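Observations on the model geometry
Here are the chains, one letter per residue:
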Amino acid sequence: MDTTSDQTQVVDKSAVGVGERQYHIGIAPGEVSSVALLPGDPFRVPLIADFLTDVTEVAHNREHRTMTGFYKGKLITATSTGMGCPSTAIAVEELARVGVTSFIRVGSSAALQPGIEPGDLLVSEGTLRNDGTSAAYAHPGYPAVPDLAIAIALRESAERLVAGTGTAAYSGISACDDAFYAETPEWISTLNSLNVLNVEMESAALYVVARLRGLRAGMICACSSNLVDGASLYDQKNSQLHDGWLRSIEAALDTAVELDL
């Protein structure tokens with residue numbers, strides 16, 4: 001029996017929702033700016049909003065919370081991605097459909113090289129793709145790299161903001177994993193031996209989707225723990241980490257203004 005039919009209509013997801021209010025993030029065209037800061041945690045979106053004026057909460061659907069406001073005269077959007085590459089890819093795809101063209105992830109990340117302390121700033125120059133989402137988009141050899149100008153501006157802003165604070169700024173290759181609790185000592189040692197700077201869970205999808213869609217992206221994280229110095233989980237009450245979050249946000253905002261993203 002022929003299971004195909006003239007009535008069969010296969011959905012083309014690349015065309016779904018274009019020009020409309022987005023299903024997952026709950027945002028319509030005209031409600032956001034051209035640049036979005038992307039924390040993972042929806043409860044860190046208000047931390048970004050504290051830097052802004054004329055703040056509006058646009059939407060909060062599932063893990064995706066969005067606020068907008070002005071920083072040094074520039075309209076800024078902040079949208080949380082949730083944890084991991086699948087929800088990050090959805091956020092980037094849908095934000096792009098409503099007008100965002102540049103993305104800066106501001107998150108937490110675990111260090112993989114000795115001496116890096118909680119609250120230090122980590123600027124990504126590229127990502128080792130150890131996730132499933134970016135593999136669904138592109139060949140395994142396709143690079144996951146940030147926009148060069150954004151990466152350089154983030155590094156310069158980070159260095160300026162940590163000057164005289166007792167914290168440091170680093171840049172290097174990140175790793176992006178899917179399974180937080182599957183990161184074995186052997187895997188951590190492998191990443192360390194490859195001179196990978198840090199590991200987190202969103203950058204591979206962010207970079208690959210951005211490149212494929214003709215968008216710009218970068219990432220600056222605050223160090224939450226150091227997996228080779230014996231700290232495996234972080235304490236959200238840690239004031240150094242909180243200060244790192246604030247500095248990473250300020251570095252991202254200054255970059256958005258400097259590059260007119």
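Here, every reference points to the structure presented above.
To keep things clear, this report deals only with the structure shown in the data block. (Residues numbered from 1 in each chain as written. Predicted model: local features only at pLDDT ≥ 70, side-chain atom pairs only at ≥ 80, totals over all residues. Heavy atoms only, no water.)

1. Digging into the packing of helix α4 (residues 148-162) against helix α7 (residues 239-258)
Any two packed helices are characterised by how steeply their axes cross, that is the angle between the axes, and by the distance between the axes. Running from amino to carboxyl end, α4 crosses α7 at an angle of 130°, the nearest separation of the two axes being 9 Å. As summarised for this structure, α4 and α7 are arranged oblique, according to the angle between their axes. With respect to the hand of their crossing, α4 and α7 are arranged in right-handed fashion. Note on element contacts: α7 touches α4 through Arg247, Glu250, Ala251, Ala252, Asp254, Thr255 and Glu258, opposite Ile150, Ala153, Leu154, Glu156, Ser157, Ala158, Arg160, Leu161 and Val162. Counted by class, the contact of α4 with α7 contains eight nonpolar, two polar and six charged residues. (Axes fitted to C-alpha atoms, helices over the stretch in contact; angles between N-to-C directions. Helix = DSSP H or I, 4+ residues; strand = E, 2+ residues; numbered from the N terminus. Parallel < 35°, antiparallel > 145°, perpendicular 65-115°, else oblique. Left-handed = near helix turned anticlockwise from the far one by under 90°. Contact = heavy atoms within 4.5 Å. Nonpolar A, V, L, I, M, F, W, Y, C, P; charged D, E, K, R; others polar.)

2. Here's the deal with the pairing of strand β3 (residues 64-71)
Most of β3 sits out of view: seven of its eight residues are buried. Here β3 runs beside strand β4 (residues 74-79); their pairing, made up of six bridges, is antiparallel. When the sheet's bridge partners are listed, Tyr71 is paired in β4 with Lys74. Hairpin connection of β3 to β4: two residues between the antiparallel strands, including Lys72 at a positive phi of 50°. (Buried < 20%, exposed > 50% of the residue type's maximum accessible area, 1.4 Å probe, protein only. Pairing = 2+ DSSP bridges.)

3. Notes on the environment of Val123
Note on placement: Val123 falls in strand β6 (residues 121-130). Residues Val123 and Leu191, spaced 68 residues apart in sequence, show a C-alpha to C-alpha distance of 17 Å. When sequence neighbours within four positions are dropped, the list of residues in contact with Val123 reads Ala151, Leu154, Arg155, Ala158, Tyr170, Ser171, Gly172, Leu197, Met219 and Ile220.

4. Section: the layout of surface pockets
Take a probe with the size of a water molecule and roll it over the atoms, and the empty space left behind shows itself. Each pocket or cavity is described by its volume, and for the second largest pocket that value is around 390 Å³. Along the walls of the second largest pocket sit 17 residues, with Lys13, Val16, His24, Glu94 and Arg97 positioned nearest its centre. Partitioning the lining of the second largest pocket into residue classes produces five nonpolar, four polar and eight charged. (1 Å grid on protein atoms, 1.4 Å probe; cavity = no way out; pocket = protein on both sides within 12 Å on 5 of 7 lines; lining within 4 Å. Points joined across faces, edges and corners; volume = space filled by probe spheres on them.)

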